[in-house]
Amino acid sequence: MTKEKDKIHRTSIGGQAVIEGVMMRGPKLLATAVRKPDGEIIVDEKDVPKSRTSKIVKLPIIRGCVGFFDSMVMGVKALMFSASFFDLEEDDDGNETPKEPSRFEAWLERRLGNEKAISIVMYISLFFSLIIGIGMFMLLPAVIVGFARDFIAEFAGGFIENEVAISVILTLIEGIIRISIFLAYLILVSQMKDIKRVFAYHGAEHKAIACYENGDDLTVENVKKHSRFHPRCGTSFLLIVMVVSVLVFSFISWDNWYIRLGLRLALLPVVAGLSYEIIKFAGRHSNPFTRAISAPGISLQRITTREPEDDQIEVAVAALIAVMPESKEDDKW
């Protein structure tokens, strides 16, 4: 590839880290590259779901909602694929053998067959992940502020008489609690040995995409030169979701706690859609304003990414090459 001076190709290709690997999503293909325990890199290629190519889902706001859900589904599938190579246990002789399925998994396989059983387990995992995520990062902060609402409102009322302003203050406090829980969660999981390796693969994914965007050949040495921080990272997206939710939820009254929670859940797709448009805009432009938008998320990536090793970069490059279109015009962001 020929590098054009000061010219960056802003690609729509993105991905995520998985267990000992990287998943990349291009305009037409989805590829998960994993380094097996024996050192071999295996690449699993699939077509991008048709839902991502429809004209309707490419409309502003809607594309963010659909993309968020699709990304979760594809991410779980990629994680399950990568985990299948490491779902091993040692026997009495010290040899590694595949783990026996649980009774529930065995029952599903007998009833539905292996592929359908895997799909059901995946969607159950996705469902509970959503429940835990929404509960921990969306509902728990609202519950905490709900219990302290009267005290906060009474204290704020001593300085501010406008009820709308008090509602905004309550929502702002809720947002601060939400972001604090999110940061605490990231810091805690980042200390786990296995997660440190996943975060290194996350860094490899970012560096490989940056290398491609800058027009350099996708070699390990070239990839190593680039930053592990990227404005289109999923970590940045989640942080933007939390900030946008503060703005959107400020318009919801605190008078009825149950109605407020219901409206919050109903508005989550809108929050995801707006957040996607913000990160898309920031990813397509480079100026003081977009750099200011991206700065908090990029700072957060100091926790969720690590400098990768050469063998991890090789895996990220393998996944990226698998999804790159023949023409760069096809993957413009």
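Look a little higher up for the structure.
The rules we used
Residues numbered from 1 in each chain as written. Predicted model: local features only at pLDDT ≥ 70, side-chain atom pairs only at ≥ 80, totals over all residues. Heavy atoms only, no water. Helix = DSSP H or I, 4+ residues; strand = E, 2+ residues; numbered from the N terminus. Contact = heavy atoms within 4.5 Å. Areas by Shrake-Rupley, 256 points an atom, 1.4 Å probe, with all protein chains shown as cover. Salt bridge = Lys/Arg side-chain N within 4 Å of Asp/Glu carboxyl O. Buried < 20%, exposed > 50% of the residue type's maximum accessible area, 1.4 Å probe, protein only. Phe/Tyr/Trp six-rings, centres within 6.5 Å; stacked < 30°, edge-to-face > 60°. Lys NZ or Arg CZ within 6 Å of the ring centre and 35° of its normal.

Participant: If you had to explain the overall build of the protein to someone new, which residues and values would you point to?
Facilitator: When helices and strands are tallied, the protein shows 10 helices and 6 strands. Expressed as a percentage of contacts within the protein between residues at least 6 apart in sequence, the contacts between residues at least 24 apart total 69%. Accessible surface computed for the protein: about 18700 Å², of which carbon and sulfur atoms make up 61%.

Participant: So, the pattern of salt bridges: which residues are in play, and what are the values?
Facilitator: Tallying each qualifying case throughout the model produces 13 salt bridges. A salt bridge links Glu174 to Arg264; the nearest nitrogen and oxygen atoms lie 2.5 Å apart. Separated by 90 residues along the polypeptide, Glu174 in helix H4 (residues 163-189) and Arg264 in helix H8 (residues 257-284) bring together distant segments of the chain. Of the residues examined, Glu174 reaches a relative accessible area of 0% and is grouped as buried. The exposure class of Arg264 is buried, given its relative accessible area of 2%. Residue Glu307 is joined to Arg228 by a salt bridge in which the shortest nitrogen-to-oxygen separation is 3.5 Å. A residue pair is termed long-range when its members are at least 10 positions apart, and Glu307 in the loop between helix H9 (288-304) and helix H10 (310-323) and Arg228 in the loop between helix H6 (220-224) and helix H7 (234-249) qualify at 79 residues. A relative accessible area of 48% places Glu307 in the partly exposed class. Judged by its relative accessible area of 15%, Arg228 falls in the buried class.

Participant: Got a sec to walk through the environment of Lys36? Specific residues and values, please.
Facilitator: With respect to the helices and strands, the residue Lys36 is situated in the loop between strand S3 (29-35) and strand S4 (41-47). A residue is classified by how much of its surface remains accessible, and Lys36, at 21% relative accessible area, is partly exposed. Separated by 48 residues in sequence, Lys36 and Ser84 have C-alpha atoms that sit 9.9 Å apart. In this view, Lys36 contacts Ile42, Phe85 and Phe86; residues no more than four positions away in its chain are not counted.

Participant: How would you explain the packing of aromatic side chains if you had to name every residue and give the values?
Facilitator: This model, assessed by the stated rule, comprises 4 aromatic pairs. With centroids separated by 5.7 Å and ring planes inclined at 85°, the aromatic side chains of Phe137 and Phe182 adopt a geometry described as edge-to-face. Of this pair, Phe137 sits in helix H3 (residues 114-157) while Phe182 sits in helix H4, and the two are 45 residues apart along the sequence. Comparing Phe137 with Phe182, the two get one shared label, buried. Here the aromatic rings of Phe137 and Tyr185 are separated by 5.7 Å at their centres, their planes lie at 75°, and the arrangement is edge-to-face. Of this pair, Phe137 sits in helix H3 while Tyr185 sits in helix H4, placing them 48 residues apart in sequence. A cation over an aromatic ring shows up here: Lys328 above the ring of Tyr212, its NZ or CZ 4.9 Å from the ring centre.

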